[in-house]
Amino acid sequence: MKLVPVRKVRGEISVPTDKSITHRALIFAALAEGESTLYNLLRCLDTERTKDVLEKLGTKFEGDWTKMKVTPGVFRTPTEPLFCGNSGTTTRLMAGVIASHEIFAVLYGDDSLSRRPMARVMEPLGMMGAKFLARENNFLPMAIQGGRLKGIEYESKVASAQVKSAVIIAGLRAEGKTTVEEPVKSRDHTERMLKKLGASIQEEGNRVTVWPSSIKGFTMEIPGDVSSASFFVALGVIHPNARIVVRGVGLNETRIGFLKTLKLMGANVEWRVENEDVEPIGTIVAESSPNLRGIEVPVEMIPSMIDEVPLLALVGVFAEGETVVKGAEELRKKESDRIRVVVENFRRLGVTIEEFPDGFRVVGRQRIRGGVVDPEGDHRMAMMFSLAGLLSEEGVEVKDHECVSVSFPEFYGILEKVIA
Ligand code: S3P
């Protein structure tokens, strides 16, 4: 698909609901005692994988993604390996579910997921008593023999909500208490939901402790995904004739590092929380920002914008001065090596950008000439380089743009409505 320069960006939009929260809502409903009703779940390839995996383990789902009734079953050993597609969240959170039940299951995924590290969940869940076998380098496929686990105290080397959540989920059924600590606090949707559902869980800075708990069936409405909103916010602040309003979007503090960083860069972006139940929900307004300036991004903010960090390269191209990202080595372990894919593709478009092992540096006030990019099947790379096309001189052809369906199937439909 070729994206060409646009004159104007205007619109009031709502974005599809949150991917992280949808995965968790499906999983906690499957673990609950009694039925749950979930409203406005995100339907995308990743969340479909979580639903399918849970179905194969005995959970029943009725209705569609706007109103889904979930009836938990008794977790059982599936007769076939479980396909997790492109979804790291499905794999790692379900590893915690399987490890804490007396069942055996094999998880596998697509080429990208089969290159992503699984030792990060095998280690803590193994310490708790689950047994794992995996391919060389602890890559998928991964076989898990779950069982009766014991609580542990675990210090994670990475700030990862997937690792933290896998351990917390396993801790719900382990003997004694389970504590997980991370270097910087990652997104806390798991903790918020479990608290709301009545589990015994306590947070203290970057440490979370959970005690064996059962959760009751529940009703939940999912907020808009701030990571999906961020693409439109980036376009809004960069484009010289733009105003974008995003309504009904989740504004959890552990997810809005990108908005805060844009503010530090001098962007015209505002957000306000309008109501708060399990998650704060509100509105973001982003407008053309002629005074964007490059910054050295504070390292401790990286986990709260881990999926948005590549967008800082795009914003940096249009800012005054240098934008430097460091301490973001985790980006190399996402759906693609996002540091390499960002750098290689920007260079193809005529942008000067320097690669670091853990980030990049981009000098501002450059032009994006245009050309052909290869997002390497990574949904977030395809969406970002599509925006680059709208902001370019000659247009950008994005190969295999359909991969946006991994998280945001409606991306191009919404984009079309806001550009002229
Ligand atoms: C997610 C956590 C993040 C994020 C991913 C979704 C989650 O991964 O990149 O898109 O739902 O827990 P890590 O926790 O591994 O950083």
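Please refer to the structure higher up on the page.
**Student:** What am I meant to see in unusual backbone geometry here?
**Tutor:** In this model, Leu140 is joined to Pro141 through a cis peptide bond whose omega is -5°. Mapped onto the elements of the fold, Pro141 is located in strand β9 (residues 139-145). Although it is not a glycine, Glu376 sits at a positive phi angle of roughly 55°. When you line up the elements, Glu376 lands in the loop between β21 (371-373) and α11 (379-390). Even without being a glycine, Asp400 presents a positive backbone phi close to 45°. Counting through the fold element by element, Asp400 comes out in the loop between β22 (396-398) and α12 (411-418).

**Student:** What's the story with the pattern of salt bridges in this structure? I'm lost.
**Tutor:** Pairs can form between side chains of opposite charge whenever their charged atoms are close. Enumeration according to the criterion identifies 39 salt bridges in this entry. Residue Arg120 is joined to Glu330 by a salt bridge in which the shortest nitrogen-to-oxygen separation is 2.8 Å. Separated by 210 residues along the polypeptide, Arg120 in helix α4 (residues 119-127) and Glu330 in the loop between β18 (322-325) and α10 (338-348) bring together distant segments of the chain. Overall, the relative accessible area of 13% leaves Glu330 in the buried class. A salt bridge links Lys185 to Glu203; the shortest N-O distance between them is 2.7 Å. Pair noted here: Lys185 is in the loop between β11 (178-181) and α6 (189-196) and Glu203 is in strand β12 (residues 201-204), with a separation of 18 residues, a long-range link. Residue class for Lys185 comes out partly exposed when judged on its relative accessible area of 27%. Overall, Glu203 belongs to the partly exposed group, its relative accessible area being 26%. Three or more residues joined by partner-sharing salt bridges are found here, namely Arg116, Arg187, Asp307, Glu335, Arg338, Asp378 and Arg380.

Parameters at a glance
Residues numbered from 1 in each chain as written. Predicted model: local features only at pLDDT ≥ 70, side-chain atom pairs only at ≥ 80, totals over all residues. Heavy atoms only, no water. Helix = DSSP H or I, 4+ residues; strand = E, 2+ residues; numbered from the N terminus. Salt bridge = Lys/Arg side-chain N within 4 Å of Asp/Glu carboxyl O. Buried < 20%, exposed > 50% of the residue type's maximum accessible area, 1.4 Å probe, protein only.

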